[in-house]
Amino acid sequence: MSEPHVTLEPRDEVQKKLRGPLEEQLTSALQAATDRVREGYAGEPVEQVCQQLLDETRAGLHPDIAAGFQPDMDEFCRVAVAIVRGTEV
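Residues numbered from 1 in each chain as written. Predicted model: local features only at pLDDT ≥ 70, side-chain atom pairs only at ≥ 80, totals over all residues. Heavy atoms only, no water.

Asks: Could you give an account of the pattern of salt bridges, naming the residues involved and the relevant values?
Replies: Going through the model one piece at a time under the given rule, you end up with six salt bridges. Salt-bridge contacts for Glu-23 lead to Arg-19; the nearest nitrogen and oxygen are separated by 2.9 Å. Residue Glu-23 and its partner Arg-19 are located together in helix α1 (residues 13-40), separated by four residues, close to a single helical turn. What makes Glu-23 buried here is its relative accessible area of 12%. The exposure class of Arg-19 is partly exposed, given its relative accessible area of 31%. A salt bridge links Glu-56 to Arg-36, with the nearest nitrogen and oxygen atoms 2.6 Å apart. Of this pair, Glu-56 sits in helix α2 (residues 46-59) while Arg-36 is found in helix α1, placing the two residues 20 residues apart along the sequence. Overlapping salt bridges bring together Glu-3, Asp-35 and Arg-38 as one network. (Salt bridge = Lys/Arg side-chain N within 4 Å of Asp/Glu carboxyl O. Helix = DSSP H or I, 4+ residues; strand = E, 2+ residues; numbered from the N terminus. Buried < 20%, exposed > 50% of the residue type's maximum accessible area, 1.4 Å probe, protein only.)

See the structure below:
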């Protein structure tokens, strides 16, 4: 399975300056969460796997970043479906 990646869409200059490091941190947390959820997968439904991905990703972030992290849940669920099916992300 290939690794998922977080891409941000900055709206102002401050966000543009922080984009690279923040994308790296979010991507790292998502990839680690994907690995943990995939390794512990035991037949749960997609919705539960999607929530596990979100919870695990947020757990891997600084609390301030986790509090503001509002991912595209369609994309998180796409990763969850890949875990359930055992296919590439």
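Let's pick the thread back up.
Asks: If you had to explain the packing of α1 against helix α4 (residues 73-85) to someone new, which residues and values would you point to?
Replies: Angle between the axes and distance between the axes are the two parameters that describe a pair of packed helices. Two elements in contact, α1 and α4, have axes separated by 10 Å at closest approach and are oriented at 35°. The two elements α1 and α4 meet at a crossing, and its hand is right-handed. On α4, the residues that touch Leu-30, Thr-34, Val-37 and Arg-38 of α1 are Phe-76, Val-79 and Ile-83. Broken down by class, the residue content of the contact of α1 with α4 amounts to five nonpolar, one polar and one charged. (Axes fitted to C-alpha atoms, helices over the stretch in contact; angles between N-to-C directions. Left-handed = near helix turned anticlockwise from the far one by under 90°. Contact = heavy atoms within 4.5 Å. Nonpolar A, V, L, I, M, F, W, Y, C, P; charged D, E, K, R; others polar.)

Asks: Give a description of α4 that names residues and reports values.
Replies: Think of an α-helix as turning once every 3.6 residues; residues three or four places apart then point the same way. In a regular helix each residue adds 1.5 Å, so 13 residues correspond to 18 Å; α4 covers 18 Å between its end C-alpha atoms and thus fits that length. Residues of α4 that are buried include every one of Phe-76, Val-79, Ala-80, Ala-82 and Ile-83, and no others. Looking down the long axis of α4, one finds its buried residues gathered within 160° of arc, a one-sided arrangement. Exposed side of α4, more than 90 degrees from the buried face: Asp-74 and Arg-85 are the residues found there. If you follow the buried residues of α4, they end up packed against α1 and α2. Where α4 begins, one side-chain oxygen reaches toward the backbone nitrogen of Asp-74, 2.9 Å away; that side chain belongs to Asp-72. (Expected span 1.5 Å × (residues − 1). Arc of directions from axis to C-beta. Polar contact = N/O pair within 3.5 Å; in protein donor to acceptor, adjacent residues only side chain to side chain.)

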